[in-house]
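# Close look at the chain arrangement
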Amino acid sequence: MRSMVFILLATLCFSLPLPAQTADSAEPGAIWIDLRSPREYQRGHVEGAVNIPRGEIAHRISELVTDLYAPVHLYDSSAGFAGLALEILMEMGFQYVVNEGSYDSIVARQKDSL
């Protein structure tokens, strides 16, 4: 029961929209992961983001991130799967995971900040 409460709280806290960043301008050591299909990724993505399509995150995250305290930023075509991926990574022990929402919302935030 406690783990479910923790996951719910973590999802709420880490799912809040944050100012958009490019992967290169994020905090040191941060990893940005694009959860969309390779085709969607090729059409456009956050600069420096790595493409790990939906369903592969749990199997491939350790290829990229070995430090459980490294900041991991997730986005998808909608915020829904990024939220699920956040829960998966937190259950795996990752300590700082951020749901950045959808790719379109990131692009819109970047345009607003210019």
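Scope of this entry: the structure provided in the associated data block. (Residues numbered from 1 in each chain as written. Predicted model: local features only at pLDDT ≥ 70, side-chain atom pairs only at ≥ 80, totals over all residues. Heavy atoms only, no water.)

### Thoughts on the pairing of strand S4 (residues 97-102)
When you tally the buried positions in S4, you get six out of six residues, the bulk of the element. Summarising the sheet, strand S3 (residues 72-76) and S4 pair through four bridges and their orientation is parallel. By the bridge assignment for S4, Asp-76 is matched with Ser-102. Taken together, S3, helix H4 (residues 79-91) and S4 constitute a β-α-β crossover, and its handedness is right-handed. (Buried < 20%, exposed > 50% of the residue type's maximum accessible area, 1.4 Å probe, protein only. Helix = DSSP H or I, 4+ residues; strand = E, 2+ residues; numbered from the N terminus. Pairing = 2+ DSSP bridges. Right-handed = clockwise from strand over helix to strand, strands pointing away.)

### Some thoughts on the sheet that holds strand S2 (residues 50-51)
Strand order in the open sheet formed by four strands is S2-S1-S3-S4, and the pairing between neighbours is parallel. The open sheet is flanked by S2 and S4, the only strands paired with a single partner. With four bridges connecting them, strand S1 (residues 31-34) and S3 associate as parallel partners. Within the sheet, the bridge partner assigned to Asp-34 lies in S3 and is Tyr-75. The strands touched by H4 within the sheet are S3 and S4, with S4 carrying the most contacts at an inclination of about 170°. (Contact = heavy atoms within 4.5 Å. Axes fitted to C-alpha atoms, helices over the stretch in contact; angles between N-to-C directions.)

### A word on the packing of helix H3 (residues 57-64) against H4
Two elements in contact, H3 and H4, have axes separated by 10 Å at closest approach and are oriented at 65°. Pair H3 / H4 crosses with right-handed handedness. The residues of H4 that touch H3, namely those facing Ile-57, Ala-58 and Ile-61, are Ala-85, Ile-88 and Leu-89. For the contact of H3 with H4, the residue count by class is six nonpolar, no polar and no charged. (Left-handed = near helix turned anticlockwise from the far one by under 90°. Nonpolar A, V, L, I, M, F, W, Y, C, P; charged D, E, K, R; others polar.)

### What to know about the packing of aromatic side chains
All chains considered together, the criterion is met by two aromatic pairs. With 6.4 Å between their ring centres and 55° between their planes, Trp-32 and Tyr-75 make a pair best called tilted. Placement of the pair is Trp-32 in strand S1 and Tyr-75 in strand S3, with a sequence separation of 43 residues. For Tyr-75, a relative accessible area of 0% gives the class buried. (Phe/Tyr/Trp six-rings, centres within 6.5 Å; stacked < 30°, edge-to-face > 60°.)

Read these as layout, nothing more, since geometry by itself doesn't imply function.
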